[in-house]
Amino acid sequence: AALAQGMDYLSGTEVSVSFAGVTVHIVGLGFNPDDAALAAGLAATRSGRDTRAHDMAAELAKVGIPGAFDGTLQYVGNPQLISRTHFARYIVEIGRCSDTNEVFRHYLAEGKPGYVPHRWASLGDAVHWIREAGGLAVFAHPGRYRFTPTE
């Protein structure tokens, strides 16, 4: 669409990865959007979200929150990108919690009844896909994480 308007654009994506036992985000910039390996890696990462979402809904049903998957879909623009945040919004909407922070504390954080871990891509895989597609990989919003520098 940008090219049709005579505008330049920079391709970009954000990939959730597992690193040091934490889920972090890597931004890919300036890559070839038609690269088959990058597309396959991103598709594999996204496809795990659907299975996880159905598993989360089943766990939430066990603690008295039925219909969470279908209810959550109203908050998801792209169902391939369904996340815990969408579930949290639904749980607030139905009145089980007063805000999304409360939802995470009671239902969606690790060790809570609706938490289901996701197997993300590795950091190495994501950086490799992006670089092989001609892009630059950048650690997204580093202030969000509590990593300490090492020498």
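The present account deals with the structure reproduced in this document. (Residues numbered from 1 in each chain as written. Predicted model: local features only at pLDDT ≥ 70, side-chain atom pairs only at ≥ 80, totals over all residues. Heavy atoms only, no water.)

1. Describing the side chain of Asp35
Our working definition: Labels follow the DSSP assignment, with helices taken as runs of H or I lasting at least four residues and strands as runs of E lasting at least two, numbered in each case from the N terminus. For every residue, the accessible area obtained with a 1.4 Å probe (protein chains only) is divided by the maximum for its type, and the residue is called buried under 20%, exposed over 50%, and partly exposed between those limits. All tallies of charge rest on Lys and Arg as positive and Asp and Glu as negative; His and the ends of each chain are not included. Each reported salt bridge corresponds to a side-chain nitrogen of Lys or Arg within 4 Å of a carboxyl oxygen of Asp or Glu. Polar contacts, as used here, are pairs of N or O atoms within 3.5 Å; protein pairs need one atom able to donate a hydrogen and one able to accept it. Residues neighboring in sequence count only if both atoms are side-chain atoms. By definition in these notes, contact holds between two residues if any of their heavy atoms fall within 4.5 Å.
Relative to the elements of secondary structure, Asp35 occurs in the loop between strand 2 (22–29) and helix 1 (36–62). Here Asp35 occupies a buried position and makes no salt bridge, while the nearest side chain of opposite charge, Arg131, is found at 12 Å. Of note is the side chain of Asp35, whose polar atom sits 3.2 Å from the backbone nitrogen of Ala37. With near-sequence residues (within four places) excluded, Asp35 lies in contact with Glu132 and Ala133.

2. Some remarks on the packing of aromatic side chains
Basically, it comes down to this: Any two of the Phe, Tyr and Trp rings considered here, Trp counted by its six-membered ring, make a pair once their centres fall within 6.5 Å; the pair's planes then place it as stacked at under 30 degrees, edge-to-face at over 60, or tilted in between.
Following the criterion strictly, the structure yields 1 aromatic pair and no others. Geometrically, the ring pair formed by Phe139 and Tyr145 is tilted, given 5.4 Å between the ring centres and 40° between the ring planes. Relative accessible area serves as the criterion here: at 32%, Phe139 is assigned to the partly exposed category. The exposure class of Tyr145 is buried, given its relative accessible area of 13%.

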